[in-house]
Amino acid sequence: MTVLLNIVKRELASYFSTPLAYVFIVIFLTLIGSFTFYLGNFFARGQADLNAFFTFHPWVYILLIPAVTMRLWAEERKTGTIELLMTLPLTTTQAVIGKFFAAWIFIFIALVLTFPIWITVNYLGQPDNGVILAGYVGSLFMSGAYLSIGSCISAITKNQVIAFVIAATVCFIFTMSGVDIVLNFFKVWAPEFLVNIISSMSFLVHFESITKGVIEIRDFLFYLSVIVFWLFLNVVVVEFKKFN
Amino acid sequence: MISITNITKKFDEFVAVNNLTMSVKRGEVLGFLGPNGAGKSTTMKMITGFIKPTEGVIEVKGMNVETHPIECKKLIGYLPEGAPLYGDMTPINMLKFVAHIRGMTSKEFKKALDSVVVKTQITDVINQPIDTLSKGYKRRVGLAQALIHNPEILVLDEPTDGLDPNQKHHIRNLINKMGKEKAIIISTHILEEVDAVCSRACIIAKGKKIIDKKPTELKKIYKNNNLDNIFREITLSK
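Residues numbered from 1 in each chain as written. Chains lettered and ligands numbered in written order. Predicted model: local features only at pLDDT ≥ 70, side-chain atom pairs only at ≥ 80, totals over all residues.

Visitor: Please clarify how the overall build of chain B should be interpreted in this entry.
Guide: Broken down by element type, chain B carries nine helices and 10 strands. Its C-alpha radius of gyration of 18 Å places chain B within 12% of the 18 Å reference for a compact globule of 238 residues. Taken along the three principal axes of its C-alpha coordinates, chain B extends 50 × 40 × 30 Å. Each of the 238 residues in chain B was classed as buried or not, and the buried ones make up 47%. In chain B, once contacts between residues fewer than 6 apart in sequence are set aside, the share between residues at least 24 apart is 68%. (Helix = DSSP H or I, 4+ residues; strand = E, 2+ residues; numbered from the N terminus. Rg over C-alpha atoms; globule rule 2.2 N^0.38 Å. Buried ≥ 20, exposed ≤ 12 C-beta atoms within 10 Å, placed from the backbone. Contact = placed C-beta atoms within 7 Å.)

This is the structure we're talking about:
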């Protein structure tokens, strides 16, 4: 536990020791804010909810989360500090989970900083704050799923730019897999159960039901299992790359 | 303390270490010599559990490195090749991180810090970001990181690389002093270092051990008093 805690602390501190953290938070808030008000028509909708706000979270995450995760492992491998880290008395699993949690806490901080929008909507009307809370929790879980993908892909390469591009692409595919454009491609040749599996992997579909206030445990379980799966893969990749 | 039995390391077809056997006891400083690409760093990576040998067994204090990685890593202080460090941290934070991962309490850390910082002469830069430090300081921060938990075993990959002559002298004295109670392996290109600190010299080339003797014995055998010439003779002839 102390090992995990120390890795989380170090990683989190390293986010804030470079401008990355501040640049990320500023861009995150700006993007989310402008999407909500301009594309989402927050005011014109005339409804006291944050749907216009949450709708754009997946899209902002696709762009920004790979930027948060790209350095997690790629940098360790490039500078050789991975050798230092992995010869300390800790397991690869501890290192992977520690780094992941640091990134997740960072996104949590960014999400908390969107609180003015919550104040705004409460000032303007009487929203269902339970649904809003569910939206935030759902968004946090979804960000965890994106982060686990990014972290795993960061372990594949020494090059942070490559890590960014591949992670963004994979995140995009997982987001879009429930949309007709993607599904039609499979419907032509794939059996129905496969199409159903692909469509059920969509981050978008699970997130939409959460933000609408349909709070089902299975949506959260879905994100949790995605996180566990990608982190497991992450451990495998780190081990494999180390030996080669 | 360290016993290596018939280890071989292959990267695809390339054989980096070929059937190497050696051991280091407490109170010994083993100088690990060889041309570039001879397999010195690879061997050190295997001892410290970073990579696994393709064949063979490495034991640290009687424990197999592959089956008891955590226990073995606790006993070892390791300075990897090129002394990689977290550049965005300050030496003090970096040492704290390593100490805490190694299970030291804050109190133990403070005590250890005071002595390690003096030993490695990094007092002046302890609060500067590592990225801004000179090569010599970085190397010594790397060394401090390996010493912080006062390990029984030290594996140091080129510990004096990038240091000026005075600093080299200081670090060699430090290794000499520590060598009396620890088991130490250092790799080096600098042959005078073998004379200065090592109680035994192990020369390898192309992954194979060629010679494993005391420096004085080496000179006797080769009648040639200059270690440089001995090294050239040995590594080029085979």
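On we go.
Visitor: So what exactly am I meant to see when it comes to the nonpolar core here?
Guide: Counting 133 residues, the largest nonpolar core has Ala-103, Ala-145 and Ile-149 of chain A together with Ala-144, Val-155 and Ile-184 of chain B as its most contacted members. Of all the elements, helix H8 (residues 129-154) of chain A adds the most residues to this core, at 11 residues. Setting aside chain neighbours within four positions, we find Ile-149 of chain A in contact with Ala-167, Val-170, Cys-171, Phe-174 and Trp-230 of chain A. (Core = buried A, V, L, I, M, F, W, Y, C linked by C-beta atoms within 7 Å.)

Visitor: How should I be thinking about helix H1 (residues 40-47) of chain B in this particular structure?
Guide: The α-helix advances 3.6 residues per turn, and as a result positions three or four apart in sequence lie on the same side. All names here are of chain B. Counting buried residues along H1, eight of its eight residues qualify, which places the element largely inside the surrounding structure. When H1 is considered as a whole, its buried residues turn out to be Lys-40, Ser-41, Thr-42, Thr-43, Met-44, Lys-45, Met-46 and Ile-47. Once H1 ends, the next one or two residues include Gly-49, with phi positive near 80 degrees.

Visitor: What exactly am I supposed to notice about the environment of Cys-72 of chain B here?
Guide: Residue and element names in this part refer to chain B. Within the secondary structure layout, Cys-72 lies in helix H2 (residues 69-75). For Cys-72, a count of 24 C-beta atoms within 10 Å corresponds to the buried category. In this structure, the C-alpha to C-alpha distance between Cys-72 and Glu-59, residues 13 residues apart in sequence, is 8.5 Å. When near neighbours in sequence (up to four residues on either side) are disregarded, Cys-72 contacts Gly-49, Val-60, Met-63 and Val-65.

Visitor: How should the sheet that holds strand S1 (residues 2-11) of chain B be read in this particular structure?
Guide: Paired through backbone hydrogen bonds, the strands of a sheet run either parallel or antiparallel to each other. Here we have four strands laid out as an open sheet, ordered S2-S1-S4-S5 (chain B), and antiparallel in their pairing. At either end of the open sheet lies a strand with only one pairing partner, and these are strand S2 (14-24) and strand S5 (63-64) of chain B. (Pairing = 2+ DSSP bridges.)

Visitor: What is the right way to read the packing of H8 of chain A against helix H9 (residues 160-176) of chain A from this model?
Guide: All names here are of chain A. Relative to each other, H8 and H9 sit at 145 degrees, their axes nearing to 9 Å. Two packed elements cross with a definite hand, and for H8 against H9 that hand is right-handed. In this structure, H8 uses Tyr-146, Ile-149, Gly-150, Ile-153 and Ser-154 to contact H9, whose residues at the interface are Ala-163, Ile-166, Ala-167, Val-170, Cys-171 and Phe-174. A class-by-class count of the residues in the contact of H8 with H9 yields nine nonpolar, two polar and no charged. (Axes fitted to C-alpha atoms, helices over the stretch in contact; angles between N-to-C directions. Left-handed = near helix turned anticlockwise from the far one by under 90°. Nonpolar A, V, L, I, M, F, W, Y, C, P; charged D, E, K, R; others polar.)

Visitor: When you look at the interface of chain A and chain B in this model, what are you seeing that I'm missing?
Guide: A common measure of how large an interface is: the accessible area buried when the components associate. Across the boundary between the two partners, chain A contributes 19 residues, which contact 22 residues of chain B. Secondary structure elements with two or more residues in the side of chain A that touches chain B: helix H1 (2-16) and helix H5 (81-86) of chain A. Looking at the side of chain A that touches chain B, the element that brings in the most residues is H1 of chain A, giving five residues. Counted by class, the side of chain A that touches chain B contains seven nonpolar, nine polar and three charged residues.

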